[in-house]
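Single-letter residue listing:
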Amino acid sequence: CASLAPPPSLPSPATTVRPVTSIELGGRLSVRYQNNGKEEAVHGSFSWSQRAGNTLVTLRSPLGQTLATITIGPAESTLSQAGQPTRTAADPDALATEALGWPLPLAGLRDWLQGQATNVAGERVTASSTSTTPIVTNDGWQLQYVSWEASDPALPARPKRIDLSRTTPQAGDVGLRIVIDSWQPG
Amino acid sequence: SALEQFKSFVASTKSAKGEFSQRLVKTDSVAKPGAAAGQAPVKVSTPSTGTFIFARPGKFIWTYLKPYEQVLQADGDKLFIYDKDLNQVTSRKLGNALGSSPAAILFGSNDLEKNFTLKEAGTKDGMEWLDAIPKAKDTTFEHIGIGLRDGVPVAMELRDTFGQVSILSFLRFEKNPVLAADQFKFVVPKGADVSQQ
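No experiment lies behind these values; they were computed from the predicted model shown. (Residues numbered from 1 in each chain as written. Chains lettered and ligands numbered in written order. Predicted model: local features only at pLDDT ≥ 70, side-chain atom pairs only at ≥ 80, totals over all residues. Heavy atoms only, no water.)

All names here are of chain A. Relative to the elements of secondary structure, Glu 24 occurs in strand S1 (residues 23-35). Here Glu 24 falls in the buried class, since its relative accessible area comes to 18%. Reaching out from Glu 24, the side chain makes a polar contact with the side chain of Ser 49 at a distance of 2.9 Å. (Helix = DSSP H or I, 4+ residues; strand = E, 2+ residues; numbered from the N terminus. Buried < 20%, exposed > 50% of the residue type's maximum accessible area, 1.4 Å probe, protein only. Polar contact = N/O pair within 3.5 Å; in protein donor to acceptor, adjacent residues only side chain to side chain.)

Now the structure itself:
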């Protein structure tokens with residue numbers, strides 16, 4: 001017989017947008033972290049152009065100047081910053097952390113920005129606008145879906161503000177806050 | 001000439017306030033699949049608008065009102081950034097954070113030629129334009145243009161090293177307005193989380 005037990009029942013997807021492989025997102029982020037004991041903070045905006053094969057991320061200063069562009073490819077990622085040689089690495093997270101000095105979980109965000117995650121137990125979970133319990137991901141980030149964009153009743157709710165936190169050896173307690181302003185699937 | 005207008009602006013303006021609108025023009029470096037070669041689509045962001053007020057040297061409040069609320073405030077010593085949706089205030093020493101940023105041109109100390117090479121750039125759209133090329137190499141700007149009319153800046157064009165251009169226009173520019181004594185003192189909005197630095 002095909003399957004013994006029905007798949008674990010996911011929270012009703014109706015309340016949350018279904019993930020798509022290609023989407024254009026834009027928003028703002030603030031990051032708090034420690035740099036050898038000193039509290040540091042960064043503010044800026046981002047644009048996120050995700051395709052099945054690769055994702056182009058642009059980070060900008062509050063006044064709109066490009067700080068870095070990151071291309072996440074299936075096998076390799078590249079990051080370029082103003083006045084610096086382009087960096088490449090297999091792991092986009094390590095690449096961003098090394099270049100920016102603060103952790104930016106790019107790989108995970110491909111899912112998390114759309115309300116999807118793989119939790120500590122390795123299960124695929126969908127964040128829902130009706131629950132505020134944080135999701136702890138399999139790579140140790142805690143995700144809090146703080147607010148949702150649901151102004152158009154015809155569309156399912158989609159994440160608006162997401163707070164991410166984690167304790168890392170190099171950057172201590174890290175707090176990342178993301179607000180998604182524009183959401184353009186396809 | 002633009003240079004004369006700019007020099008008289010800097011000399012005669014201790015403080016100013018007004019409104020701004022900002023558009024980001026990006027030629028997508030990664031042309032969309034199917035786009036004709038060489039025809040990188042130009043993406044123009046929806047304009048953000050807000051107000052500004054500044055006093056030399058190094059004091060300003062740059063407030064985005066639309067499409068979201070965000071405040072960049074320098075009190076001469078520290079630079080505060082508050083974002084309403086993120087409910088977050090970050091602050092850090094002003095130091096040379098202004099340095100070669102657009103804020104330095106309008107609001108910073110007036111020995112601008114220390115950080116920039118200034119050159120006439122002719123007349124366009126009814127304004128006399130000045131080119132300000134940052135002297136420091138590691139700056140995020142490749143080129144800054146300032147458009148002046150009647151002795152005040154009316155527009156600025158900021159091109160960063162990735163080819164993105166930010167176009168600012170200033171409206172209702174008021175020179176040397178009356179300022180409150182604590183005009184630039186930053187007050188943490190109620191309930192906002194603060195990260196000191």
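Let's pick the thread back up.
What follows deals with the environment of Leu 25 of chain A. Tracing the sequence through the fold places Leu 25 of chain A in strand S1. Among the residues examined, Leu 25 of chain A registers a relative accessible area of 3% and is labelled buried.

Interpretation of this model should avoid reading the predicted coordinates in detail wherever pLDDT is low. When the pLDDT values of chain A are averaged, the result is 88; 91% of them are 70 or greater. Across residues 9-14 of chain A the pLDDT falls below 50, and counting only partners more than four positions away or on other chains, this stretch makes five contacts in the model. (pLDDT = per-residue confidence, 0-100. Contact = heavy atoms within 4.5 Å.)

What follows deals with helix H1 (residues 2-12) of chain B. Residue and element names in this part refer to chain B. By the burial criterion, the buried members of H1 are Ala 2, Gln 5, Phe 6, Phe 9 and Val 10. All buried residues of H1 fall inside an arc of 130 degrees around its axis, so they share one side. In H1, the exposed residues that point more than 90 degrees away from the buried face are Glu 4 and Ala 11. The N-cap of H1, judged by a side-chain oxygen 3.3 Å from the amide nitrogen of Leu 3 a few residues on, is Ser 1. (Arc of directions from axis to C-beta.)

Of the residues lining the interface, 33 residues belong to chain B; the matching set on chain A comes to 28 residues. Regarding the contact of chain B and chain A, the summed buried area is about 2,700 Å², with carbon and sulfur atoms giving 58% of it. The tally of links from chain B across to chain A stands at three salt bridges. Note that Asp 85 of chain B and Arg 28 of chain A form a salt bridge whose closest N and O atoms lie 2.7 Å from each other. Our count for the contact surface shared by chain B and chain A stands at eleven residue pairs in polar contact (both at pLDDT 80 or more). Only strand S1 (15-27), strand S4 (59-66), strand S5 (70-75), strand S6 (78-83), strand S7 (88-93), strand S11 (152-160) and strand S13 (193-195) of chain B provide two or more residues apiece to the side of chain B that touches chain A. (Buried area = accessible area lost by both parts, 1.4 Å probe. Salt bridge = Lys/Arg side-chain N within 4 Å of Asp/Glu carboxyl O.)

Tallied over the entire structure, the rule returns 16 salt bridges over all chains. For Glu 40 of chain A, the salt bridge is made with Lys 38 of chain A, and the minimal N-O distance between the two is 3.3 Å. A relative accessible area of 47% means that Lys 38 of chain A is categorised as partly exposed. The salt bridge partner of Arg 161 of chain A is Asp 163 of chain A, with a shortest N-O separation of 2.7 Å. As far as the burial class goes, Arg 161 of chain A and Asp 163 of chain A line up, both buried. Salt bridges sharing common partners tie together Arg 28, Lys 160 and Asp 181 of chain A together with Asp 83 and Asp 85 of chain B.

According to the stated counting rule, one finds 13 aromatic pairs over all chains in the structure shown. Joined through ring pairs, the aromatic side chains of Phe 6, Phe 9, Phe 20, Phe 52, Trp 62, Tyr 64, Tyr 68, Phe 170 and Phe 173 of chain B make up one cluster. Seen from the ring of Tyr 68 of chain B, Arg 28 of chain A lies directly overhead, with NZ or CZ sitting 3.8 Å from the centre. Directly above the aromatic system of Trp 129 of chain B lies the positively charged group of Lys 124 of chain B, at a separation of 4.8 Å from the ring centroid. (Phe/Tyr/Trp six-rings, centres within 6.5 Å; stacked < 30°, edge-to-face > 60°. Lys NZ or Arg CZ within 6 Å of the ring centre and 35° of its normal.)

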